[in-house]
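Chain by chain, the residues:
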Amino acid sequence: MGRAELPLHAPGTKLERGYIGRSVPRPNAKRLLQGRGAYVDDLRLPRLAHVVFYRSPHAHARIKKLQFEKSLKCEGVIGIFSGKDISQYCTPWVGVLAHLKGIKSPPQHAVAIDRACWQGEAVAAVVAETRAQAEDALGLIEVQWEELPVVMDMEASLSGKEVIHKELGDNICFARAHDTGGVDEAFARADVVVEETFEFGRHTGVCLETRSILADYNAAEHSLTVYHSTQAPHMMQDIFSRHLDIPEASVRVIARDVGGSFGIKVHVYPDEMATAALSVMLRRPVKFVADRLESFATDIHAREHKVKIRLAATRAGEILAFDLDDLTAIGPYSVYPRTSGIEGNQVVNLTGGPYKHQKYRAKLNVVFTNKNVTCQYRAVGHPIAVALTEGIVDKAAAKLGMDPAEFRRRNLIADEAYPYTFPSGVKFEKLSHHKCLNLLLEKMHYQELRQEQIQLREKNIFRGIGLAAMIEVTNPSPAFYGVGGARISAQDGATLRLEPTGMVTVMCSVTEQGQGTEGIFAQIAASAVGVSLDKVRVITGDTATTPYGGGTWASRGAGIGGEAVLQSGRALRSNMLDIAAAILQLDKNELDIADDSVVHRVTQEKKLPLEELGRVAYFRPDTLPMDFQAELTVTRHYTPRQYGFTFTNGIQASLVEVDVDTGFVKLLKHWCVEDSGTVINPMLVDEQLRGGVVQGIGAALYEECLYSPEGQLLNGNMADYLVPMAAEMPDIVCAHVETPTLQSQLGAKGVGEAGTAGAPGAVMNAINDALAPLNVRVTAMPFTPERILKALAKV
Amino acid sequence: MKAAAFAYLKPASLPEAFAALVNPHAKVLAGGQSLIPALNMRLSSPELLVDITGLPDLAGISLQAHSIKIGALTTHAQIEACELVRKHVPLLAQAVRHVAHAAIRNRGTIGGSLALADPAAEYPACAVALDSVLVIRNKATERRVKAERFFKGLFETDLKQGELLVAVEFPLAKAGDKSVFLELTRRHGDYAIVGLAAHNERMVFLGLDSKPVLLQKKTLRQTKDQLPRNPPADLYHSSATKRHLAGVLLERAWNTP
Ligand SMILES: Cc1cc2nc3c(=O)[nH]c(=O)nc-3n(C[C@H](O)[C@H](O)[C@H](O)COP(=O)(O)OP(=O)(O)OC[C@H]3O[C@@H](n4cnc5c(N)ncnc54)[C@H](O)[C@@H]3O)c2cc1C
């Protein structure tokens, strides 16, 4: 079934799509704005204890002795525990997946036992009656350390001179090589070969709500309820169950309001596991809320790549081949359960993605270092792959003397060429690169901007225009994690229930992180059932009440969760019509539902208000035929499986002005044209794009986790780690091409990561375009004033 | 990030405040925009906080015979909105827009900023450029100190135990005076990488040393040569970069009509 199923009203009725495609405000916005959100830290439970962690001040050191005597005497202290104490209650884990062949990582404990491997790793837990008391005691813990050699640099790590985990033999977590064959031949026959080494700084996702968990163990039932700021409640339910040895059905994970996540909250964190273990150990509720300083030191970091890339092209401007070598460092452990091998793997899968060359070779090394761990963060691997591709494509265009837009037009995969298998092996269902390029150039008035750029250069004003075409993984099938043995669901479910008053309750396994998922589920449910939006209530984020599912990550919420809601809504509508037919003694085919009423399909005459239908079904079923049972609760599930991933595509452009005296970059404007299939709520989609673009701009210009050579995080606070802020952000113009996926009835692909994927490359290309008349280029993100001044040889 | 326990006092009069400040472990609390983060990060753990925001003697902006007098408790937002400041102390009016963000400007005070003496803060450099006078009191007496002698080093001033900064007096601008305030920040509202408060012949840099750096105006080249050789690097800018950027600001101020 596919697009033909739309409009959402039953075939043959109205030709409108209900609430689909409309910018209705999300229902939870008002509640959150009024301060009535229910975040983990808002919860108050009787006998609640608070835990804080003593964190290693060293990047790599053996714990010789932990002394708790003084701190144990502090007021309010309930207990202080070492890694060994906690390991009695929580088994260690290993962050590997079977389909990433050869990936390795050592067992990791909730609290380090005899060695700390990064500055910030927890080595003791202090539990007290209040957070302030726990912090008082924390200050009195004494630890004797034996410092060990640190491996900070990724090339040093790869060389293996100093091995972090001796038992693994070397520092290589994961390596992959991909080769279509024929690459050397392509380079040999090319007219033009360009090469560049790009560097990407290590950065992190900064959530408004820091990581938070409240674990409440009930000894009488041997059950555990966890209130958790997470993206994946069912994944966490499974993990708590297995590592704390509690039956899965006795673990309930509740994620109420979540204040942003960006991929930060989809991983297993040692301090969170320790909090759950402490609740079991102490038989009382225990809460941990990361403060901002611990967030910087322990929330997953991301990126940190150094990539050498080459491109071969003909004189006529045809790209023949890409060849790349990616080195990326992930800290001392591969993160559980998704692994830290995925980002590099994505770089191999996606580089060169929009183009029609047939030869491709990629090499990847993922190495351990003594910094905080890195893992999947918004747009996983994409910003790297896009910037690499688009950076080298621009360099080739320049060498050929060809306009960058024209060079792309010659090489983008034709809109008619689908389905298409890309040389890395990934498959595209249907993309629209040329439509997007054309729309972008039109929206930005590309030719005029080029004219203006030339004129301004004569006045010593250095403006640059950068383009970045991209492809993006969304709606992943089980090929992402499930096939590798991770108990992470690729399917999601939705239950819809008609209430006696004609209201509809939706329970969905995809979660709300502040992005508006509940809003679009309400839109889809209302449209599918035939009720008005105010009649719908949505419940997410509770393993005890929603169907089983994966949650929020990989731009999958709308495409997978939304499809489950749609199918469930259609089934409920059909069941409701069965009841209406029985009550009205009419043929079901003559009836439809619109505007909260059963109506005559053709005349639209109102036949039965839904509250009357509910009243009869629930309270007077005796009036219905003997053999008829009303079914007003319906559940449907959905898994994408035809394609490994439902790829989307898009293209972005950035206009910047570089101040060549100060090295400052002024962002003048940004454009984003995206094809994410069916657009359910244009306002939310544009918000996702803009927020994503801003995060990508952060990577390009501002954000980097800086470490000293000894492994100390130097800027782990909001004053020194520069997140992008509103005043510096340009206007971001969004536009859409809609190519629905035919795998689902809804046709929605994902959009949550697109902005972040494309923006860094676009900004980089714009800066280099601005600097082109001065014959210099920058290739190491973030592009700080100092890096630009250095390129200009001014400092 | 919870502050260690402390006692709190909000005196209603100056004598009451001075009595409390006898305690060597007491600390003055004004807008709290710098002190409270320091307490929460446990960088500082005083026994007693003396909240001076209830002292009427420290508030208000007034026009005097030869100066504009700004009470220590005057917030950045009040300075920003003040017509008198705009008219008579244009350098300060230019600078205040660069101090932090709107929410912080609503609470942060000029007294707090001068007493803190952050080397990257705007007011200390303006105070030196304008040759202003700081009014300081203790239990018994009042003394007046020229800005140039008030700032001693990194977060270090002439203020002594038991003293309060009560006001600062900025000379009135004359016709034909030239005031230029320039600074470079990666993001609006951040502390400056480097900044320049220039008033006529007095060119004062912030962010180039542990305290404001006063250069005497000569030729452009000669003035530039007075820039510190090795200004302190920060996380993102080497010493050489900071010196280069200071030179750029100097030229820009020079060329400002
Ligand atoms: C995010 C952020 C960005 C900022 N950016 C800037 C910026 O760009 N430029 C800038 O200049 N500032 C900046 N600040 C600091 C801000 O301006 C502060 O308000 C100011 O530095 C201190 O003023 P306060 O009234 O808050 O003082 P408090 O924090 O209350 O006190 C600061 C110090 O001064 C002492 N003190 C206060 N008043 C007196 C007094 N009358 N007599 C004696 N001692 C006193 C206190 O004991 C304390 O040691 C920023 C602050 C934040 C949080």
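Since the model is a prediction, treat every value here as computed from it, not as a measurement.

Conventions and cut-offs
- Residues numbered from 1 in each chain as written.
- Chains lettered and ligands numbered in written order.
- Predicted model: local features only at pLDDT ≥ 70, side-chain atom pairs only at ≥ 80, totals over all residues.
- Heavy atoms only, no water.
- Helix = DSSP H or I, 4+ residues; strand = E, 2+ residues; numbered from the N terminus.
- Rg over C-alpha atoms; globule rule 2.2 N^0.38 Å.
- Buried < 20%, exposed > 50% of the residue type's maximum accessible area, 1.4 Å probe, protein only.
- Contact = heavy atoms within 4.5 Å.
- Areas by Shrake-Rupley, 256 points an atom, 1.4 Å probe, with all protein chains shown as cover.
- Lys, Arg positive; Asp, Glu negative; His and termini not counted.
- Charge placed at Lys NZ, Arg CZ, Asp CG, Glu CD.
- Disulfide = S-S within 2.5 Å.
- Axes fitted to C-alpha atoms, helices over the stretch in contact; angles between N-to-C directions.
- Parallel < 35°, antiparallel > 145°, perpendicular 65-115°, else oblique.
- Left-handed = near helix turned anticlockwise from the far one by under 90°.
- Polar contact = N/O pair within 3.5 Å; in protein donor to acceptor, adjacent residues only side chain to side chain.
- Buried area = accessible area lost by both parts, 1.4 Å probe.
- Salt bridge = Lys/Arg side-chain N within 4 Å of Asp/Glu carboxyl O.
- Domains from an automatic or database assignment.
- Nonpolar A, V, L, I, M, F, W, Y, C, P; charged D, E, K, R; others polar.
- Near = heavy atom within 4 Å.
- Phe/Tyr/Trp six-rings, centres within 6.5 Å; stacked < 30°, edge-to-face > 60°.
- Lys NZ or Arg CZ within 6 Å of the ring centre and 35° of its normal.
- Patch = residues over 30% accessible without salt bridge, like charges linked within 9 Å, V, L, I, M, F, W, Y side chains within 5 Å.
- Pairing = 2+ DSSP bridges.
- Expected span 1.5 Å × (residues − 1).

1. Overview of the overall build of chain B
Check the secondary structure of chain B and you find eleven helices and 14 strands. In summary, chain B has a C-alpha radius of gyration of 18 Å against a globular reference of 18 Å for 257 residues, a match within 12%. Split into buried and exposed, the 257 residues of chain B put 50% on the buried side. Across chain B, every contact between residues at least 6 apart in sequence was considered, and the portion connecting residues at least 24 apart equals 59%. Entry remark: accessible area of chain B is about 11400 Å², with carbon and sulfur atoms responsible for 54%. With 32 positive and 23 negative side-chain charges, chain B shows a spacing of 3 Å between the two charge centroids.

2. Let's talk about the overall build of chain A
Check the secondary structure of chain A and you find 20 helices and 29 strands. For chain A, whose C-alpha radius of gyration is 28 Å, the value lies close to the compact-globule estimate of 28 Å for 795 residues. If one aligns the C-alpha atoms of chain A with their principal axes, the spans along those axes are about 85 × 75 × 45 Å. With 795 residues in all, chain A has 66% of them scored as buried. Summarising the internal contacts of chain A: among those between residues at least 6 apart in sequence, 80% fall at separations of at least 24. With the model as given, the accessible surface of chain A reaches about 27700 Å², and the carbon-plus-sulfur share is 50%.

3. Things to note about the state of the cysteines
Residue and element names in this part refer to chain A. One pass over the structure, following the stated rule, counts zero disulfides over all chains. Lacking any disulfide linkage, Cys90 is separated from the closest cysteine sulfur, that of Cys117, by 17 Å. Among the cysteines around Cys672, which has no disulfide bond, Cys734 carries the closest sulfur, lying 5.4 Å off.

4. Observations concerning the packing of helix 15 (residues 517-529) of chain A against helix 16 (residues 557-584) of chain A
Residue and element names in this part refer to chain A. Axis separation between helix 15 and helix 16 bottoms out at 8 Å; the angle between their running directions is 30 degrees. If you check the angle between helix 15 and helix 16, you find them roughly parallel. When the axes of helix 15 and helix 16 are compared, the crossing they make is right-handed. On helix 16, the residues that touch Ile520, Phe521, Ile524, Ala525, Ser527, Ala528 and Val529 of helix 15 are Gly557, Ala558, Gly561, Gly562, Val565, Leu566, Gly569, Arg570, Leu572, Arg573 and Met576.

5. Notes on the side chain of Thr540(A)
Residues and elements named next belong to chain A. Note that Thr540 resides in strand 21 (residues 536-540). With relative accessibility at 11%, the residue Thr540 sits in the buried group. Within the structure, the side chain of Thr540 is placed 2.7 Å from the side chain of Glu518, a separation counted as a polar contact. Dropping the residues within four chain positions of it, Thr540 is found in contact with Ala255, Cys508, Val510, Thr511, Glu512, Glu518 and Thr546.

6. Examining unusual backbone geometry
All names here are of chain A. Looking along the chain, the bond that leaves Tyr336 and enters Pro337 is cis, with omega of -10 degrees. Locating Pro337 in the fold gives a position in the loop between strand 14 (319-329) and helix 10 (342-350). For His222, which is not glycine, the phi torsion reads 50 degrees and is therefore positive. Note on placement: His222 falls in the loop between strand 9 (212-218) and strand 10 (223-228). With a phi angle near 60 degrees, Asp245 is a residue other than glycine that sits in the positive phi range.

7. Focus on the interface of chain A and chain B
Contact residues are listed per partner, giving 32 residues for chain A and 23 residues for chain B. Summed over both partners, the interface of chain A with chain B buries about 2400 Å², with 60% contributed by carbon and sulfur atoms. On the chain A side of the interface with chain B, the three residues burying the most area are Phe664(A), Leu722(A) and Glu786(A), jointly 22% of the side's total. Between the two partners, chain A and chain B, sit four salt bridges. A salt bridge links Asp661(A) to Arg252(B); its shortest N-O distance comes to 3.4 Å.

8. A look at the domain arrangement of chain A
All names here are of chain A. Looking at chain A, the domain boundaries give domain 1 (29-37 + 491-638), domain 2 (46-148 + 210-258 + 264-298) and domain 3 (301-478 + 642-791). Taking the mean C-alpha position of each, domain 1 and domain 2 sit 40 Å from one another. Taken together, the 22 residues of domain 1 in the interface contact 16 residues of domain 2. Between domain 1 and domain 2 lies a buried interface of about 1300 Å² when both sides are counted; carbon and sulfur atoms form 45% of it. Among the residues domain 1 hides against domain 2, the three largest losses belong to Gln513, Thr543 and Tyr548. Together they make up 42% of the total. Close ionic contact of Asp257 with Arg31 constitutes a salt bridge, the shortest N to O distance being 2.6 Å. One can count seven residue pairs in polar contact (both at pLDDT 80 or more) joining domain 1 with domain 2. Class assignment of the residues belonging to the side of domain 1 that touches domain 2 gives a composition of five nonpolar, 14 polar and three charged.

9. Remarks on the site of the ligand
Residue and element names in this part refer to chain B. Taken together, 31 residues surround the ligand, and among them Val28, Gly32, Leu35, Thr109 and Glu122 come closest. Here an oxygen atom of the ligand sits 2.8 Å away from a polar atom, N or O, in the main chain of Gln33. The contact in question runs from an oxygen atom of the ligand to an N or O atom on the backbone of Leu35, over 2.7 Å. Relative to its unbound accessible area of 960 Å², the ligand is 88% covered by the protein chains.

10. Quick word on the environment of Thr219(B)
All names here are of chain B. By secondary structure assignment, the location of Thr219 is in the loop between strand 14 (213-216) and helix 10 (220-225). Sequence separation of Thr219 and Trp254 is 35 residues, and the distance between their C-alpha atoms is 9.9 Å. A distance of 3.1 Å separates a polar side-chain atom of Thr219 from the backbone nitrogen of Gln222.

11. Notes on the packing of aromatic side chains
For the coordinates displayed, the defined rule picks out 14 aromatic pairs over all chains. Taken together, a centroid distance of 5.9 Å and an interplanar angle of 40 degrees make the contact between Phe422(A) and Phe428(A) tilted. We note that Phe422(A), like Phe428(A), is buried. For the pair Tyr618(A) and Phe619(A), a centre-to-centre distance of 6.4 Å together with 50 degrees between the ring planes defines the contact as tilted. Looking at Phe619(A), the relative accessible area reads 54%, which means it is exposed. Taken together, Tyr360(A), Tyr418(A), Tyr420(A), Phe422(A), Phe428(A), Phe480(A), Tyr481(A), Trp553(A), Phe645(A) and Phe647(A) form an aromatic cluster joined through their ring pairs. One residue, Arg211(A), lies across the ring of Tyr269(A), its end atom 3.9 Å from the ring centre. The ring of Trp254(B) is capped by Lys217(B), whose NZ or CZ atom sits 4.8 Å from the centre of that ring.

12. Points about a nonpolar patch on the surface
A cluster of nonpolar side chains, Leu293(A), Met41(B) and Leu43(B), forms an exposed patch at the surface whose accessible area comes to about 270 Å². You can see Leu293(A) is positioned in helix 9 (residues 292-298). For Leu293(A), a relative accessible area of 31% corresponds to the partly exposed category.

13. Quick word on the sheet that holds strand 25 (residues 633-638) of chain A
All names here are of chain A. Here four strands make up an open sheet; going across it, the order is 21-20-19-25 and the pairing mixed. The sheet is open, and its two edges are formed by strand 21 and strand 25, each paired on a single side. Put simply, the sheet's adjacent strands are angled 20 degrees from each other on average, direction ignored. By the bridge criterion, six bridges tie strand 19 (residues 492-498) to strand 25 in an arrangement that is antiparallel. When the sheet's bridge partners are listed, Gly493 is paired in strand 25 with His637.

14. With respect to helix 11 (residues 239-254) of chain B
In this model, helix 11 of chain B (16 residues) spans 22 Å end to end at C-alpha, consistent with the 22 Å of a helix rising 1.5 Å per residue. Buried residues of helix 11 of chain B: Ser239(B), Thr241(B), Lys242(B), Leu245(B), Ala246(B), Gly247(B), Val248(B), Leu249(B), Leu250(B) and Ala253(B), and no others. The secondary structure elements touched by the buried residues of helix 11 of chain B are helix 20 (785-791) of chain A together with strand 11 (179-184), strand 12 (194-199), strand 13 (202-206) and helix 10 of chain B.

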